Amino acid sequence: MQVRLIAKALADPRRYEILKQVGARRRGIACTDVRECQPVTAATLSHHMKELEMAGLIRIVRRGKFADLVLDRDVLKAYVRHLEKI
């Protein structure tokens, strides 16, 4: 697990909010739905999504020109277990 990447990703308040949004839906959420709730440009949202994906917290599932964001719950649970050992 990439503990440092996850910690860095979650340290940003906007990415934390995006992750909460994604996690609220079991089957994922359309990128356009996330964008409607986040007051950022498409480029900024794309950057945040990439950081969360690189940390392993989300998967981006492409559907043509659209994309869904899906929380990788196993990675998040492993990160929480790691923190519990502190």
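Since the model is a prediction, treat every value here as computed from it, not as a measurement.

## Quick notes on the packing of helix α2 (residues 13–23) against helix α4 (residues 42–54)
Then, in step 1: Close contact between α2 and α4 brings their axes to 10 Å; oriented N to C, the two are set at 75°. The orientation of α2 with respect to α4, classified from their angle, is roughly perpendicular. On α4, the residues that touch Arg 14, Arg 15, Ile 18 and Leu 19 of α2 are Leu 45, His 47, His 48, Glu 51 and Leu 52.

## Here we look at the sheet that holds strand β2 (residues 58–63)
Then, in step 1: Spatially, β1-β3-β2 is the arrangement adopted by the 3 strands of the open sheet, whose pairing is antiparallel. Pairing within the sheet leaves two strands with one partner each, and these edge strands are β1 (29–30) and β2.
Then, in step 2: Looking at chain direction, β2 and strand β3 (residues 66–71) are connected through 6 bridges and run antiparallel. Each residue of the ladder has a partner; that of Arg 62, found in β3, is Ala 67.
Then, in step 3: Relative to β2, α4 is tilted by about 120°, and along the sheet it contacts β2 and β3.

## Side note on the nonpolar core
Then, in step 1: The biggest cluster of nonpolar side chains holds 21 residues, and the ones touching the most others in it are Val 22, Leu 45, Met 49, Leu 57, Ile 58 and Leu 69.
Then, in step 2: Where this core is concerned, the elements lending two or more residues are α1 (3–11), α2, α3 (31–37), α4, β2 and β3.
Then, in step 3: Setting aside its immediate chain neighbours within four residues, Leu 45 contacts Ile 18, Cys 31, Val 34, Arg 35 and Val 40.

Rules and cut-offs
Residue indices begin from 1 for each chain and proceed along its sequence in written order. Selection of residues for local features in this predicted model requires a pLDDT of at least 70, selection of side-chain atom pairs for listing and counting requires 80 or more, and totals for whole chains, interfaces and linings are taken over all residues. Here the side-chain values reflect all heavy atoms present in the structure, with hydrogen atoms and water set aside. Between the N-to-C directions of two axes lies an angle of 0 to 180 degrees, each axis being a line fitted to C-alpha atoms and, for a helix, fitted only over the stretch in contact. Secondary structure elements are taken from DSSP: a helix is a run of H or I of four residues or more, a strand is a run of E of two residues or more, and numbering for both begins at the N terminus. Roughly parallel means an angle under 35 degrees; roughly antiparallel means over 145; roughly perpendicular covers 65 to 115; every other angle is labelled oblique. In this description, contact between two residues means that some pair of their heavy atoms is separated by no more than 4.5 Å. Strand pairing is assigned whenever DSSP detects at least two bridges linking the two strands. Definition used in this section: a nonpolar core is a set of buried Ala, Val, Leu, Ile, Met, Phe, Trp, Tyr and Cys residues joined via side-chain atoms within 4.5 Å. Think of it in three bands: residues with accessible area under 20% of the maximum for their type are buried, residues over 50% are exposed, and the middle band is partly exposed, with areas taken using a 1.4 Å probe on protein chains only.

Coordinates in, geometry out; function isn't part of it.
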